[in-house]
Amino acid sequence: SAVWGCPMKVSLNTIKQYIDFELPPVGELVRRINEQLGGVEEVTDLSAKYKGIVIAKVVTCYPHPDSDHLHVCEIDPGDYPLPPTVDRLRSGYVQVVCGAPNVREGLMVAWLPPGATVPASYDKDPFVLEARKIRGVVSNGMLASPAELAIGDNHDGILELTEKDISPQNPCFH
């Protein structure tokens, strides 16, 4: 439970798990909550903030030929329709350069393709990614850390996802 006066963030998808009726439109919901609790500070459209992010699997990962800390990764974005600025490799995968120390083959990651906005910058000075060369190797966007995704403070490595995180039973995906 929340302490009076402390802000809470609640996902509408989470609320829908516990009710058996259709919620009113967001504007009406905010009005009703304001009447009962005293105020809703803001409503954030998370679908816009996280638009374009793709769950992908790191298929190969090897040291960058011109760096002692970067890696060149081939990721499998599945059937996700790629932006026109992204070319699949002959293998069918997509190349991304990553500097995170925890990147490795087999990891499930959040890929921000060219054209996606880094969520941590969304409300400030939006940073839109593009395909670009990093020390001579093309990187199609980036693999994101929890801090870059604005879901945590950790920026020491990329977010590591599990099958449970991306399961259709996960309420975040409803």
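Residues numbered from 1 in each chain as written. Predicted model: local features only at pLDDT ≥ 70, side-chain atom pairs only at ≥ 80, totals over all residues. Heavy atoms only, no water.

## Concerning the overall build of the protein
This is how the line gets drawn: Secondary structure is summarised from DSSP: a helix means a run of H or I of at least four residues, a strand means a run of E of at least two, and numbering begins at the N terminus for each. Only heavy atoms enter the contact rule, under which two residues are in contact if any of them lie within 4.5 Å. Note on areas: Shrake-Rupley, 1.4 Å probe, and residue coverage restricted to the protein chains presented here.
Across its full length, the protein holds three helices and seven strands. Going from N to C terminus, the protein has its helices and strands arranged as α-α-α-β-β-β-β-β-β-β. Within the protein, contacts between residues separated by at least 24 positions form 57% of all contacts whose residues are at least 6 apart in sequence. Of the roughly 11600 Å² that the protein leaves accessible, carbon and sulfur atoms contribute 53%.

## Let's talk about the sheet that holds strand β3 (residues 94-98)
Where strands meet in a sheet, backbone hydrogen bonds hold them as pairs that are either parallel or antiparallel. Heads up, the rule is: Each pair of strands is called paired provided DSSP finds at least two bridges between the two strands.
Across the sheet, which stays open at both edges, the five strands sit in the order β3-β2-β1-β4-β7 with antiparallel pairing between neighbours. On the outer flanks of this sheet lie β3 and β7 (142-143), each paired with one strand and no other. The pairing of strand β1 (residues 54-63) with strand β4 (residues 108-112) spans four bridges and is antiparallel. Its bridge partner being in β4, Val 54 is matched across the sheet by Trp 111.

## Some details on the nonpolar core
The line we're drawing: Residues grouped as a nonpolar core are buried Ala, Val, Leu, Ile, Met, Phe, Trp, Tyr and Cys residues, joined through side-chain atoms within 4.5 Å. Residue exposure (1.4 Å probe, protein chains only): buried if accessible area is under 20% of the type maximum, exposed if over 50%, otherwise partly exposed.
The biggest cluster of nonpolar side chains holds 17 residues, and the ones touching the most others in it are Val 58, Ile 75, Val 103, Trp 111, Leu 143 and Ile 158. Listed by contribution, the elements that provide at least two residues to this core are β1, β2 (71-76), β3 and β4. In terms of nonpolar packing, the next biggest core, distinct from the first, is built from 11 residues, Ala 110, Leu 112, Val 118 and Leu 129 among them.

## Brief notes about the side chain of Ser 139
Position of Ser 139 among the secondary structure elements: in strand β6 (residues 137-140). Overall, the relative accessible area of 1% leaves Ser 139 in the buried class.

## Thoughts on the side chain of Thr 117
Tracing the backbone through its elements, the reader meets Thr 117 in the loop between β4 and β5 (131-134). For Thr 117, the contacting residues outside a window of four places in its chain are Lys 49, Leu 112, Tyr 122, Pro 126, Phe 127 and Val 128.

## Looking at the environment of Gly 115
Of note, Gly 115 is situated in the loop between β4 and β5. Along the primary structure Gly 115 and Ile 53 are separated by 62 residues, whereas in three dimensions their C-alpha atoms are 9.9 Å apart. The residues contacting Gly 115, other than those within four sequence positions of it, are Val 128 and Leu 129.

## A look at the pairing of β6
Looking along a regular strand, one sees side chains alternate from face to face of the sheet. Alignment of β5 against β6, held across four bridges, turns out to be antiparallel. Bridging from a neighbouring strand, Arg 132 pairs with Ser 139 of β6. Remark: two residues form the turn of the hairpin made by β5 and β6, two consecutive strands paired antiparallel; Arg 135 in that turn has positive phi of roughly 50°.

## Description of the confidence of the model for the protein
Spelled out, the test is: A score between 0 and 100, pLDDT records how confident the predictor is in each residue.
Residue-level pLDDT values for the protein average 82, and 79% of them are 70 or greater. At the low end of the mean pLDDT range in the protein sits helix α2 (residues 26-37), at 68; at the high end sits β3, at 97. Note that residues 1-7 has pLDDT below 50 and, in this model, two contacts with residues that lie over four places away or in other chains. Note that residues 170-174 has pLDDT below 50 and, in this model, 11 contacts with residues that lie over four places away or in other chains.

## Here we look at unusual backbone geometry
Residue Arg 135 is not a glycine yet carries a positive backbone phi of 50°. Tracing the backbone through its elements, the reader meets Arg 135 in the loop between β5 and β6. Note on Arg 135: relative accessible area 48%, which makes it partly exposed. Located in the positive-phi region is Ala 150, a residue other than glycine, with phi close to 60°. Along the chain, the position of Ala 150 falls in the segment after β7.

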